[in-house]
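Residue-level listing of the chains:
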Amino acid sequence: QVQVLESGGGLVQAGGSLRLTCVFSGLTADRYTMGWFRQAAGKEREFIAALRWSGVTTYNPDAVRGRFTISRGGRKNTVYLQMNSLKPEDTAVYYCAADIGELGSTLGSTYDYWGQGIQVTVSS
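Right, let's walk through the structure included here. (Residues numbered from 1 in each chain as written. Predicted model: local features only at pLDDT ≥ 70, side-chain atom pairs only at ≥ 80, totals over all residues. Heavy atoms only, no water.)

1. Side note on the environment of Arg72
Then step 1. With respect to the secondary-structure elements, Arg72 resides in strand β7 (residues 68-72).
Then step 2. We classify Arg72 as partly exposed; its relative accessible area is 23%.
Then step 3. For the pair Arg72 and Trp53, spaced 19 residues apart in the sequence, the C-alpha separation amounts to 9.2 Å.
Then step 4. If we skip the residues at most four places from it in the chain, Arg72 touches Met34, Leu51, Arg52, Trp53, Ser54, Gly55, Thr78, Val79 and Tyr80.
Then step 5. One polar contact links the side chain of Arg72 to the main-chain carbonyl oxygen of Arg52, over a distance of 3.1 Å.
Then step 6. Among the polar contacts listed, one links the side chain of Arg72 to the backbone oxygen of Trp53, at a separation of 3.0 Å. (Helix = DSSP H or I, 4+ residues; strand = E, 2+ residues; numbered from the N terminus. Buried < 20%, exposed > 50% of the residue type's maximum accessible area, 1.4 Å probe, protein only. Contact = heavy atoms within 4.5 Å. Polar contact = N/O pair within 3.5 Å; in protein donor to acceptor, adjacent residues only side chain to side chain.)

2. Remarks on unusual backbone geometry
Then step 1. The phi angle at Arg65 is positive, at roughly 50 degrees, despite the residue not being glycine.
Then step 2. By the element assignment, Arg65 lies in the loop between α1 (61-64) and β7.
Then step 3. Owing to a relative accessible area of 57%, Arg65 belongs among the exposed residues under this scheme.
Then step 4. One non-glycine residue, Ser85, lies in the positive phi region at around 50 degrees.
Then step 5. Of the residues examined, Ser85 reaches a relative accessible area of 39% and is grouped as partly exposed.

Written as structure tokens, this is what we have:
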């Protein structure tokens, strides 16, 4: 059974930083793309960043603007999202996902496995 577990969310003041962690377990695929998405209240889900197994990264420049970094942990089933210079508009539920097709896509529909999401709240 595949499990996707996010951690590291919480409440932070504007200008602060958080690092989200996502751990995948039970995946049988040898290679997969790991992605981060978010959904703010009343808005559609938004792509943030993706990391292909090869190490190639893709970012949503409108959402990230150079403030967020996706990276892989020492264990290849772990992915991080380092978020710096956080703003109130970054407040959302953040989701981690895996794309076993390795498309490296920005589209949520191409991802196969999702975590439950973790709340990030940025106060002004």
